[in-house]
Amino acid sequence: MPELPQVEALRGWLAEHLTGRVISGVQLTDFSALKTYKPPVDALIGLEVAGVARYGKFIDVDAQGVHLVFHLARAGWLTWKDAQPTTPARPGKGPLSLRVILDDGSGFDLTEAGTQRKLAIYVVTDPHQVPGIASLGPDPLSDTFDRADLDAILAAAGRSQLKGVLRDQRVIAGIGNAYSDEILHAARLGPFTPAASLDDAGRQVLFDSIRAVLADALSRSSGLPPAQLKDDKRTAMRVHGRTGQACDVCGTTIAEVHFADSSLQYCPGCQTGGKLLADRRMSKLLR
């Protein structure tokens, strides 16, 4: 799933290529992806793109006050084409969900791999009409996000585990499964550590790690075309997706905990004092 650094890099790239262009065509091929009905998608046709914004993991294409908002979810992505096909896209064929065509013939496709249809598209007159945007927590890369904000978040979270707190979009916007792993590794904190248990030094380390990990990832991703963003994310990970490999910091083998629909990775040497965290899947295999 693309997270804040990749979505922000994608926003910047789209802003350069969309702003000032007129939308000449919109073809919806996966009707279940569209979560709104008014205005219709055709309302975008003939409008000039005024800018592109980001809210958490949502991208907002503003076309003269009509907003095309989308969330790529776990398996969605955006593909840019300098020349879009002239033949209309057919519903139900392949991974294509939405095609946008600009006045110069270029444009982008929103696609989704796999059978789970989670990609979400909205056409609204105000991006805050999208429920997921209206409920977002603060953006951790915003200039207004400070240590006091994080202190309040951790205090309110109580005994909730740090991993879950960082992933909760209602608490902090834009961080997902991958970068929560990376942030906790950089901060040398276990994923199951209770949020309110951190002392002042621990909260400062976590705040610094959030800012540093996300800013570093964004600096690598900025300016890359959409086709390169996924690989850039994967190759830069220090623990996420690296189960069984040696930690670059301490050499300990990176471990994993499985859940029903996801998993987390961590370094026992850096984060849990050498202890392996309980993994229910492995416990069942060992019985």
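None of the values given here were measured: they were computed from a predicted structure. Starting afresh in each chain, residues are numbered from 1 along the sequence in its written order. Residues qualify for local features only when their pLDDT is at least 70, as the model is predicted, and side-chain atom pairs are given and counted only at 80 or more; totals for whole chains, interfaces and linings, by contrast, use all residues. Heavy atoms throughout the structure, all of them, feed into the side-chain values; hydrogens and water do not.

Caption draft 1: Inspection of the sheet that holds strand β3 (residues 58-63) at higher detail. Strands were regarded as paired on the criterion that DSSP finds at least two bridges between them. Under the DSSP-based scheme used, a helix requires at least four consecutive residues in state H or I and a strand at least two consecutive residues in state E, with every element numbered from the N terminus. Strand order across the open sheet formed by four strands is β2-β3-β4-β8, with antiparallel pairing between neighbours. Whereas interior strands pair on both sides, the edge strands pair on one side only; in this sheet they are β2 (49-55) and β8 (120-124). Each adjacent strand pair in this sheet contributes to an overall mean axis angle of 15°, direction not counted. As paired elements, β2 and β3 share six bridges and run antiparallel to each other. Within β3, the residue paired with Ala53 across the bridge is Asp60. When checking whether two residues touch, look at their non-hydrogen atoms; a contact exists if any pair is within 4.5 Å. Axis definition: a line fitted to C-alpha atoms, over the contacting stretch in the case of helices. Angles run 0 to 180 degrees between N-to-C directions. On top of the sheet, helix α1 (residues 4-18) reaches β2, β3 and β4 (66-71); it is set at about 175° to β2, its chief contact.

Caption draft 2: Spotlight on α1. For α1, which comprises 15 residues, the first-to-last C-alpha distance of 20 Å matches the rise-based estimate of 21 Å (1.5 Å per residue) to within 8%. Burial classes: relative accessible area under 20% of the type maximum marks a residue as buried, over 50% as exposed, and values in between as partly exposed (1.4 Å probe, protein chains only). Buried residues dominate α1, accounting for 11 of its 15 residues. Buried residues of α1: Leu4, Pro5, Gln6, Val7, Glu8, Ala9, Leu10, Trp13, Leu14, Ala15 and Leu18, and no others. Of the residues flanking the end of α1, it is Gly20, one or two places downstream, whose phi is positive at about 90°. One less than the number of residues in a helix, times 1.5 Å, gives the span that helix is expected to have.

Caption draft 3: Geometry of the environment of Glu8. Within the secondary structure, Glu8 is located in helix α1. Taking the C-alpha atoms as reference points, Glu8 and Gly25, separated by 17 residues in sequence, lie 25 Å from one another. Residue contacts for Glu8: discarding those within four places in its chain leaves Arg54 and Leu218.

Caption draft 4: Up close: the confidence of the model for the protein chain. Considering every residue of the protein chain, the mean pLDDT works out to 93; 97% of them sit at 70 or more. Scored between 0 and 100, pLDDT is the confidence that the predictor attaches to each residue. Long-range and interchain partners of residues 283-287, a stretch whose pLDDT sits below 50, account for zero contacts in this model, where long-range means more than four residues apart.

Caption draft 5: Focus on the nonpolar core. Each nonpolar core is a collection of buried residues, namely Ala, Val, Leu, Ile, Met, Phe, Trp, Tyr and Cys, held together in the definition by side-chain atoms within 4.5 Å. One finds Leu14, Leu18, Leu68, Phe70, Phe108 and Leu110 to be the most contacted residues of the largest nonpolar core, which totals 37 residues. Of the residues forming this core, the biggest block, seven residues, is contributed by α1. Contacts of Leu14, omitting those with residues within four sequence positions, involve Thr19, Val52, Ile59, Phe70, Leu78 and Trp80.

Caption draft 6: Local environment of the layout of surface pockets. The distinction between a cavity and a pocket rests on a 1 Å grid over the protein atoms alone: a 1.4 Å probe fits inside a cavity but cannot get out, while a pocket stays open yet meets protein on both sides within 12 Å along at least five of seven lines, and a residue with an atom within 4 Å of a point counts as lining. Grid points are joined across faces, edges and corners, and a volume is the space filled by probe spheres set on the points. The computed volume of the largest pocket comes to approximately 1,000 Å³. Forming the walls of the largest pocket are 38 residues, and the residues nearest its centre are Met1, Pro2, Lys57, Ala73 and Arg74. The element contributing the most residues to the lining of the largest pocket is helix α7 (residues 226-235), with four residues. Per-class residue counts for the lining of the largest pocket are 13 nonpolar, 13 polar and 12 charged. In this structure, the second largest pocket spans a volume of roughly 230 Å³. Along the wall of the second largest pocket there are 15 residues; nearest its centre are Glu182, Ala186, Val213, Asp216 and Arg238. When contributions to the lining of the second largest pocket are tallied by element, the ones reaching two or more residues are α5 (177-187) and α6 (200-221). A total of five residues in the lining of the second largest pocket trace back to one element, the largest contributor, which is α6. Split into classes, the residues belonging to the lining of the second largest pocket amount to nine nonpolar, one polar and five charged. Asp, Glu, Lys and Arg are counted as charged, while Ala, Val, Leu, Ile, Met, Phe, Trp, Tyr, Cys and Pro are counted as nonpolar; the rest, among them Gly, fall into the polar class.

Caption draft 7: Representation of the sheet that holds strand β6 (residues 96-102). Ordered in space as β1-β6-β7-β5, the four strands form an open sheet in which the pairing is antiparallel. Looking along the sheet, the strands with just one partner apiece sit at the ends: β1 (23-28) and β5 (76-81). Averaged over all pairs of adjacent strands, the angle between their axes in this sheet comes to 15°, without regard to strand direction. Looking at chain direction, β1 and β6 are connected through five bridges and run antiparallel. For Leu28, the partnering residue across the bridge sits in β6 and is Leu98.

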